[in-house]
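A structural walkthrough
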Amino acid sequence: MDHFTYKNNQLYCEDLPVADIAAAVGTPAYIYSKATLLHHYHQIANAFAPLNATICYSIKSCGNLHILKLLASQGSGFDVTSGGELCRALAAGGDPRKIIYAGVGKTDAEIADAINAGIAAFNIESEAEIENIDRIAASLGKTAIGAIRINPDVDAKTHRYTNTGKKETKFGVDIERAERVFEQSRSLKNLRLAGVHIHLGSPVFGVEPYVQAVQKVTALIDRLTQRGHRIEWFDLGGGFAANYEEPHQAVPIIEHANALIPLLENKPYKIALEPGRYISANAAILLTRVLYRKTGGSKRFVIIDAAMNDLIRPMLYGSFHFIWPTNPDPANVPLRRDKSLTPANGEVVDVVGPICESGDFLARNRLLPTTQRNDLLAVFSAGAYCFAMSSNYNNRPRVPEVLVDGNQYRIIRRRETYEDLLTHERI
Ligand SMILES: *Cc1c(COP(=O)(O)O)cnc(C)c1O
C-alpha cells in the first residue's frame, strides 16, 4: 500500500499531482509521501507489537534528517553503520539509548564517539573488534554494551552482493564459534556482551530464512544462558522486502510476524528489529523527464534527465523499478505495477541517463507506453538505497528530496548547485 495513485489519468502523491511538484522544483527529484512512510513504520511496529519489539530504523536505506525526525517522533530507534550516520541520528533528535551501531570496520574514532554519545549497543562482528571496543571504553573510563553478530549460515536467497548471513560472507561470528567468544569475553572489564544480533541480507522475500535463523539462534541463546551468560536482547536485523512490483512479490510483514512470534514470545530477552527498506522503499518515487528519444541498431532508447548517479540499483544489483508516465493517456493508466503490463500503444525501450557509461540505465527492454520529449516519468519504490546511494558522478548536482503531506509539500533537501560541487576543493 502506498499513496502514489493515478486519479483522472495523472499520478498523485497523496493529494498533490506530482506534475505540479515537478513544475515547482524541477526534475529529477525524489518525492516522498509522509503517509506512506509512517504507514509502513506502524505496520511493522504493530505486526511485532506482541513481542514488544524495538524498531531501530536502518538509516543507510534513507537518511534524510527530516525523515529521521518523523520516525523518531513515532518512537523509532536507529540502526547506524558509520560515524556519519550516528551524527545524523543525533542531529535528527534520535534518542541515543535507542541507537545501535553495526558494521565490520568501525574505526577507533567512531567507536569512541559512539561510546561518548551513550548509544544502546554495538553490534560486534569479530573477536578483534571486541578487544578494541573494550580497550577504547577503558581509555574513556566507561563501559560499552555489545551484541555479537552471529552468522547463522542461512541462505537468505537474495542477490549475492546483499546476502550477508552465509558463512562465506564477511559478516558476523560463525555460530559454532559464538559460545567460545562469549566465554572469552567474560573477563572483559569495559565491554558487557548482553545481546545477539543477526542480519541475513536484503531484500529477503520469504519467511523461511528468518525462521531457520531464529531457531538456530534461540537455541544458541539457551546454551549461552545455561552457561551463565545473561542475554538481554535478540536483534533480528532487517532485510524485510518491500514491494517493488505487483502482484505482491514480498511476503506481507504480518506473515513474518506470525511465523516468528511463536518462536520468540515468552522469552526472557527483548526483541529488536532493524528494518530499512520495508519502511522507506515504497515511500518515494524518482520523478524524471524525457529529454530525447533515439534508436540505436534495433534498440529504442528513452533518454531521461535522471541517471545512474541518482539511482544506481538497476546497474548495481539488476534491481527492478516500475517506471510509468505520470500523465498517461486514459488507455494506459496502470492498475498494477506489474512487470509484464501491456500498455496500449506501447514500445520496448531502454530507459537511460546522460552519463558516459553503458551501465547508465534505469530499465532495459521494458515495455512502456510510448513517450514524447518532456513527458514526466515516475520511477517507483525509490525511497530505499536510491537517494542514499546517489553521487556526484559526471559532476551532476544531487537532486532534491521533497516530502508531501496531504496537499502540502516541503523541500527536505534542496537541489545541489554547481557551487556545491566545487566547495570542498582548493585550487
Ligand atoms: C542494511 C542493514 C539493515 C537494513 O536492511 P533493509 O534491507 O533496508 O531492511 C539492517 N541491519 C543491518 C546490519 C544492515 O546492514
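In this report, we go over the structure that sits alongside the text. Predicted, not measured: the structure shown is a model, and the values here were computed from it.

**Comments concerning unusual backbone geometry**
The peptide bond linking Ser202 to Pro203 adopts the cis configuration, its omega dihedral lying at -10°. One non-glycine residue, Asn266, adopts positive backbone phi at about 60°. The topology assignment puts Asn266 in the loop between α9 (253–264) and β13 (270–273). Relative accessible area serves as the criterion here: at 78%, Asn266 is assigned to the exposed category. Although it is not a glycine, Asn374 adopts a positive phi angle of roughly 80°.

**Thoughts on the site of the ligand**
Close to the ligand lie 14 residues; Lys60, Ser202, Gly239, Glu274 and Tyr385 are nearest. Contacts to the ligand include Gly239, whose backbone N or O atom sits 2.8 Å from an oxygen atom. Here an oxygen atom of the ligand sits 2.8 Å away from a polar atom, N or O, in the main chain of Arg277. Contact with the protein chains hides 94% of the accessible area of the ligand, taken as 390 Å² for the molecule alone.

**As for the packing of aromatic side chains**
On inspection of all chains with the given rule, the structure shows 7 aromatic pairs. When the ring of Phe48 is compared with that of Phe240, the centres are 6.2 Å apart and the planes differ by 50°; the resulting orientation is tilted. Of this pair, Phe48 sits in the loop between α2 (34–47) and β5 (54–58) while Phe240 sits in the loop between β12 (233–235) and α9; the two residues are 192 residues apart in sequence, bridging distant segments of the chain. Relative to Phe240, the ring of Tyr210 lies with its centre 4.6 Å away and its plane at 10°, an arrangement referred to as stacked. Here Phe240 lies in the loop between β12 and α9 and Tyr210 lies in helix α8 (residues 208–226), a separation of 30 residues in the sequence. This pair shows no difference in class: Tyr210 is buried, exactly as Phe240 is. Through pairs of rings, three or more aromatic residues link up here, namely Phe48, Tyr210 and Phe240. Cation over ring: Arg364 sits above Phe361, and NZ or CZ is 4.0 Å from the ring centre.

**Some details on helix α6 (residues 127–139)**
With 13 residues, α6 extends 19 Å between its outermost C-alpha atoms, agreeing within 8% with the 18 Å of an ideal straight helix rising 1.5 Å per residue. All buried positions along α6 are accounted for by Glu129, Ile130, Asn132, Ile133, Asp134, Ile136 and Ala137. On the buried face of α6, the contacting elements are α5 (108–117), β8 (121–124), β9 (144–151), α7 (175–184) and β11 (191–197). After α6 finishes, the residue Gly141 shows a positive phi value of roughly 70°.

**A word on empty space enclosed by the protein**
In total, this model carries 1 cavity of 30 Å³ or more according to the counting rule given. Around the largest cavity sit Phe320, Phe322, Ile323, Trp324, Asp338, Lys339, Leu341, Arg366, Leu367 and Leu368, which together line it. Secondary-structure elements contributing two or more residues to the lining of the largest cavity are β16 (323–325) and β18 (361–369). Counting residues per element, the lining of the largest cavity draws most heavily on β18, which supplies 3 residues. In terms of residue class, the lining of the largest cavity is made up of 7 nonpolar, no polar and 3 charged.

**Some words on the pattern of salt bridges**
Counted according to the given criterion, the structure contains 24 salt bridges. The partner of Arg223 in a salt bridge is Glu179, with the nearest N and O atoms 2.8 Å apart. Note that Arg223 is positioned in helix α8 and Glu179 in helix α7, a separation of 44 residues in sequence. When its relative accessible area of 15% is taken as the criterion, Glu179 is described as buried. With its nearest N and O atoms 2.7 Å apart, the salt bridge here joins Arg293 to Glu347. Highlighted residues: Arg293 in strand β14 (residues 284–296) and Glu347 in strand β17 (residues 346–352), separated in sequence by 54 residues.

**Topic: the layout of surface pockets**
A probe as big as a water molecule, rolled over the atoms, marks out the empty space that is left. Within this model, the second largest pocket holds a volume of roughly 560 Å³. If you go around the second largest pocket, you meet 29 residues; those closest to its centre are Met1, Asp2, Asn243, Glu246 and His248. The leading source of residues in the lining of the second largest pocket is α2, at 4 residues. Residue classes in the lining of the second largest pocket are distributed as 16 nonpolar, 8 polar and 5 charged. Shared between two domains, the lining of the second largest pocket takes at least three residues from each, and those domains are domain 1 (4–32 + 281–425) and domain 2 (34–279).

Definitions and cut-offs
- Residues numbered from 1 in each chain as written.
- Predicted model: local features only at pLDDT ≥ 70, side-chain atom pairs only at ≥ 80, totals over all residues.
- Heavy atoms only, no water.
- Helix = DSSP H or I, 4+ residues; strand = E, 2+ residues; numbered from the N terminus.
- Buried < 20%, exposed > 50% of the residue type's maximum accessible area, 1.4 Å probe, protein only.
- Near = heavy atom within 4 Å.
- Polar contact = N/O pair within 3.5 Å; in protein donor to acceptor, adjacent residues only side chain to side chain.
- Areas by Shrake-Rupley, 256 points an atom, 1.4 Å probe, with all protein chains shown as cover.
- Phe/Tyr/Trp six-rings, centres within 6.5 Å; stacked < 30°, edge-to-face > 60°.
- Lys NZ or Arg CZ within 6 Å of the ring centre and 35° of its normal.
- Expected span 1.5 Å × (residues − 1).
- Contact = heavy atoms within 4.5 Å.
- 1 Å grid on protein atoms, 1.4 Å probe; cavity = no way out; pocket = protein on both sides within 12 Å on 5 of 7 lines; lining within 4 Å.
- Points joined across faces, edges and corners; volume = space filled by probe spheres on them.
- Nonpolar A, V, L, I, M, F, W, Y, C, P; charged D, E, K, R; others polar.
- Salt bridge = Lys/Arg side-chain N within 4 Å of Asp/Glu carboxyl O.
- Domains from an automatic or database assignment.

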